[in-house]
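Coordinate analysis (summary)
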Amino acid sequence: MRLRNITGCREMIGESEFVVHEPETMKVKWREAFGNDHPVYVEIGMGKGRFLMDMVRLYPEINFIGIEKYSSVLLRAVQKLEEEELPNVRLIRMDAEDLENVFAQGELDRIYLNFSAKRRLESRQFLARYDQILKKDGTIEFKTDNRALFDFALEEVEAAGCTLKEKTFDLHADARLNEGNVMTEYEERFSAQGNPICKYIISR
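Residues numbered from 1 in each chain as written. Predicted model: local features only at pLDDT ≥ 70, side-chain atom pairs only at ≥ 80, totals over all residues. Heavy atoms only, no water.

Describing the nonpolar core
- In terms of nonpolar packing, the biggest core is built from 36 residues, with I44, F103, Y130 and Y200 touching the most fellow members.
- Here this core takes 6 residues from helix α7 (residues 147–159), the largest share from any one element.
- In contact with Y130, other than residues within four places in its own chain, are I44, L99, I111, L113, L121 and I140. (Core = buried A, V, L, I, M, F, W, Y, C linked by side-chain atoms within 4.5 Å. Buried < 20%, exposed > 50% of the residue type's maximum accessible area, 1.4 Å probe, protein only. Helix = DSSP H or I, 4+ residues; strand = E, 2+ residues; numbered from the N terminus. Contact = heavy atoms within 4.5 Å.)

Encoded structure:
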């Protein structure tokens, strides 16, 4: 369950050097902010940040941006970063509806959607938003244990005119697609309960 009311969490987030407080001013300037021309990957709905932090450590040659709507959840990731300073990550508290105000056309190389709770981030409307900010050969990776949501997401891929590059209904049983897989907290919990993890990789 997402905690939304922690006293002083907005103030603590506001003081963090890892959080971009006026992301609209960074449009077209993200590589400049990182001080390099490395690829930029974004996780939308990053939660407490486990997946993002693991990816940041594994791939120092990639710039990562984590987006989370709720301050109290984002605070968990901020606290982790305060303990272990990592140069190739920035965090934003915002709603995904504002993506086009924060990222320029073709500015992102990859988008991660992990264990969304609703049929929103995978909808054709949001896929159209991602299309505006991804590079021509950019990709979107989506994981969930919710088979009904995954079936819906697959239908939306076709409706949005995107290209389905990979899909699996049981990621951990797929040796090829599971190679190098970095798990989220939800993924570890659900897979331990015997729930198969679905995943797709799509491109524009």
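So, the environment of L113
- Following the sequence through the fold, L113 ends up in strand β4 (residues 108–114).
- Note: C-alpha distance between L113 and G45 (68 residues apart in sequence) is 7.0 Å.
- Ignoring anything within four residues of it in the chain, the contact list for L113 reads I44, L121, E122, Y130, I140, E141, F142 and K143.

Regarding the pattern of salt bridges
- The tally for this structure, following the rule as stated, stands at 17 salt bridges.
- Among the salt bridges present, the one from D54 reaches R50, with a minimum N-O distance of 3.9 Å. Note that D54 and R50 are positioned in helix α3 (residues 50–58) at a spacing of 4 residues, about one turn of the helix.
- Judged by its relative accessible area of 25%, R50 falls in the partly exposed class.
- The shortest N-O distance in the salt bridge between E141 and K199 comes to 3.1 Å. Placement of E141 in strand β5 (residues 134–144) and of K199 in strand β7 (residues 198–203) is noted, with a sequence separation of 58 residues between them.
- A residue is classified by how much of its surface remains accessible, and E141, at 12% relative accessible area, is buried. (Salt bridge = Lys/Arg side-chain N within 4 Å of Asp/Glu carboxyl O.)

Let's talk about the layout of surface pockets
- Its volume calculated, the second largest pocket comes out at about 210 Å³.
- As for the second largest pocket, its lining consists of 16 residues, and the residues nearest its centre are M55, R110, Y112, E141 and G180.
- Residue contributions to the lining of the second largest pocket peak at 3 residues, all from β4.
- Here the lining of the second largest pocket is composed, by residue class, of 8 nonpolar, 3 polar and 5 charged. (1 Å grid on protein atoms, 1.4 Å probe; cavity = no way out; pocket = protein on both sides within 12 Å on 5 of 7 lines; lining within 4 Å. Points joined across faces, edges and corners; volume = space filled by probe spheres on them. Nonpolar A, V, L, I, M, F, W, Y, C, P; charged D, E, K, R; others polar.)

Some words on the packing of aromatic side chains
- Counted according to the given criterion, the structure contains 11 aromatic pairs.
- Measuring from ring centre to ring centre gives 5.6 Å for F150 and F169, while their planes differ by 85°; the resulting arrangement is edge-to-face. On the criterion of sequence distance, the pair formed by F150 in helix α7 and F169 in the loop between β6 (163–168) and α8 (175–178) is long-range, its members being 19 residues apart.
- Under the relative-accessibility criterion, F169 is labelled partly exposed at 30%.
- Ring geometry for Y186 and F190: centres 5.8 Å apart, planes at 20°, overall stacked. Here F190 and Y186 lie together in helix α9 (residues 185–192), a separation of 4 residues that amounts to about one turn. (Phe/Tyr/Trp six-rings, centres within 6.5 Å; stacked < 30°, edge-to-face > 60°.)

Let's talk about the sheet that holds β6
- Strand order in the open sheet made by the 7 strands is β3-β2-β1-β4-β5-β7-β6, with mixed pairing throughout. Each edge of the open sheet carries a strand with a single partner, namely β3 (89–93) and β6. In this sheet, neighbouring strand axes are inclined to one another by 15° on average, regardless of whether the strands run parallel or antiparallel.
- Packing against the sheet, helix α6 (residues 124–133) makes contact with β1 (40–44), β4, β5 and β7, and its axis sits at approximately 140° to β5. (Pairing = 2+ DSSP bridges. Axes fitted to C-alpha atoms, helices over the stretch in contact; angles between N-to-C directions.)

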